[in-house]
Amino acid sequence: MIAVERPRYRWAVLGIATFTQAATCFFVQGVGSLGPALQNGLGLSTGQLGLLLSAAQFMPLVGLLVVGRLLDRYDERWIVGTGALVVAVGLALGAAAPGYGALLLALLVVGAGYSSAQPGGSKSVASWFDGSQRGLAMGIRQAGLPLGGALAAAVQPWPVREFGWRATLVCGALVAAAGASVFVGLYRRPPGDAQAPAATRAPGGLRMLREPVMLRIVLSGAGLVAAQTGVLMLTVLHLHDAAGLGVASAALALMAAQAAGIAGRICLAAWSDRARSGRHATVRACLAGSRSARRPSRRRWGSVR
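It should be emphasised that the depicted structure is a prediction, and the values quoted were computed from it without experimental measurement.

Glancing now at the overall build of the chain. Each helix and strand in the chain was counted, giving 16 helices and zero strands. Burial status across the chain gives 39% buried among its 305 residues. Partitioning the intrachain contacts of the chain with sequence separation of at least 6 by distance along the chain shows that 80% fall at a separation of at least 24. Carbon and sulfur atoms make up 67% of the accessible area of the chain, which totals about 15,500 Å².

Following this line, the structure appears as structure tokens:
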């Protein structure tokens, strides 16, 4: 029987949720490092490759709403575990896909399972930590996303080079299955915690967008995720094609970006717990930094010309 005393077991829950987040996101966050191999192996155009690399990101547009409603009704232990298992099954199907269309469908299945990782993991951590430490705990748990991507960028070039892109999907499936096993086997809800009665729950689905605060959260999140997705999907392919770098060398740049994401998520979350101006200041700082990174220096480019 697992002891679930809140002061001690909450840190175990944080570790479990972070590991599962990293395992579930391992392939999706590192898929950009497979770009050159998929393009050469399947004879894809740039447009086809872009659609393939972003396929796993499409399903969460709908899947996150569905998972959110399920989390209001059922134990997150089974929602997150099932989602990670769906990711594993989708990647296994992708490894056996005979061609482009089948692989695209398999990655859509991966995206459906991936939808449970973010909201389910967030709920599991939030239920164990109070407001004084919740920001730091959520930041550590969220760091599992770039952690999975950094590990994938470091590891995936080797099986691609030695065995081909299909072996990389098999590795991703095994990692996701490990995440599902750990979460289902070890996660428990806090003592005495119960699902909120239906009458007291906040409005779900698209009705939440009527709330001004929620709309601002969605818009700011969309801006940050758009910048992140561009880096994840295109960095390795661009450095490989435009700069002539090998896939392993180009993947190091992606790994560095993910490592910075790990540090940023933890440090900024810790700051949000202590900032007198509230958590909104942290979000504004992130948006400003993302905007500055996307804007090239006119003076620098002018000097090159």
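Most often, soluble globular proteins have nonpolar side chains that are buried together. Of all hydrophobic cores here, the largest spans 30 residues; its most connected members are Leu-38, Leu-52, Leu-91, Leu-103, Leu-107 and Leu-169. For this core, the secondary-structure elements that each account for two or more residues are α1 (6–30), α2 (35–42), α3 (46–53), α4 (55–58), α6 (76–95), α7 (100–114) and α12 (165–186). At six residues, the largest contribution of residues to this core is made by α7. If sequence neighbours within four positions are ignored, Leu-103 has contacts with Leu-38, Leu-42, Leu-52, Gly-94, Ala-97, Trp-165 and Leu-169.

Each pair of packed helices can be described by the angle between their axes along with the distance between the axes. Where α2 meets α3, the axes come as close as 10 Å, and the angle between the chain directions of the two elements is 125 degrees. Considering their axes alone, α2 and α3 lie oblique with respect to each other. Here α2 runs over α3; the crossing is right-handed. Two secondary-structure elements touch here, α2 through Gly-35, Leu-38, Gln-39 and Leu-42 and α3 through Thr-46, Leu-49, Leu-52 and Leu-53. Split by residue class, the contact of α2 with α3 holds five nonpolar, three polar and no charged.

Bringing the packing of aromatic side chains into the picture now. With the rule as written, the count across this model stands at four aromatic pairs. Ring centres of Trp-158 and Phe-163 lie 5.5 Å apart, and the angle between their planes is 80 degrees; on these two criteria the pair is classed as edge-to-face. Between Phe-183 and Tyr-187, the ring centres sit 4.9 Å apart and the planes meet at 10 degrees, which makes this aromatic pair stacked. Neither residue differs from the other here; Phe-183 and Tyr-187 are each classed as buried.

The next subject is α7. An ideal rise of 1.5 Å per residue puts 21 Å on 15 residues; α7 measures up with 21 Å between its terminal C-alpha atoms. Where α7 is concerned, the buried positions are Tyr-100, Leu-103, Leu-104, Ala-106, Leu-107, Val-110, Gly-111, Gly-113 and Tyr-114.

Looking now at a nonpolar patch on the surface. Together, Leu-51, Phe-58, Leu-61, Val-62, Val-66, Leu-70 and Tyr-74 make up a nonpolar patch on the protein surface, roughly 670 Å² of accessible area in all. Considering every element that reaches the nonpolar patch, the biggest residue donor is helix α5 (residues 60–73), with four residues. Along the polypeptide, Phe-58 turns up in helix α4. Take Phe-58: its relative accessible area is 39%, and that puts it in the partly exposed class.

As a further point, take the side chain of Ser-124. Within the secondary structure, Ser-124 sits in helix α8 (residues 117–126). With relative accessibility at 0%, the residue Ser-124 sits in the buried group.

For the structure shown, the criterion picks out four salt bridges. For Asp-72, the salt bridge is made with Arg-69, and the minimal N-O distance between the two is 3.9 Å. Residue Asp-72 and its partner Arg-69 are located together in helix α5, separated by three residues, close to a single helical turn. Notably, a salt bridge pairs Glu-76 with Lys-123, separated by 3.8 Å at the nearest N-O pair. Placement of Glu-76 in helix α6 and of Lys-123 in helix α8 is noted, with a sequence separation of 47 residues between them. Using a relative accessible area of 0% as the deciding quantity, one classes Glu-76 as buried. Each of the salt bridges in this network shares a partner with another, and the network as a whole consists of Glu-76, Lys-123 and Arg-189.

Rules used in this analysis
Residues numbered from 1 in each chain as written. Predicted model: local features only at pLDDT ≥ 70, side-chain atom pairs only at ≥ 80, totals over all residues. Heavy atoms only, no water. Helix = DSSP H or I, 4+ residues; strand = E, 2+ residues; numbered from the N terminus. Buried < 20%, exposed > 50% of the residue type's maximum accessible area, 1.4 Å probe, protein only. Contact = heavy atoms within 4.5 Å. Areas by Shrake-Rupley, 256 points an atom, 1.4 Å probe, with all protein chains shown as cover. Core = buried A, V, L, I, M, F, W, Y, C linked by side-chain atoms within 4.5 Å. Axes fitted to C-alpha atoms, helices over the stretch in contact; angles between N-to-C directions. Parallel < 35°, antiparallel > 145°, perpendicular 65-115°, else oblique. Left-handed = near helix turned anticlockwise from the far one by under 90°. Nonpolar A, V, L, I, M, F, W, Y, C, P; charged D, E, K, R; others polar. Phe/Tyr/Trp six-rings, centres within 6.5 Å; stacked < 30°, edge-to-face > 60°. Expected span 1.5 Å × (residues − 1). Patch = residues over 30% accessible without salt bridge, like charges linked within 9 Å, V, L, I, M, F, W, Y side chains within 5 Å. Salt bridge = Lys/Arg side-chain N within 4 Å of Asp/Glu carboxyl O.

Purely geometric numbers; function is a separate question.
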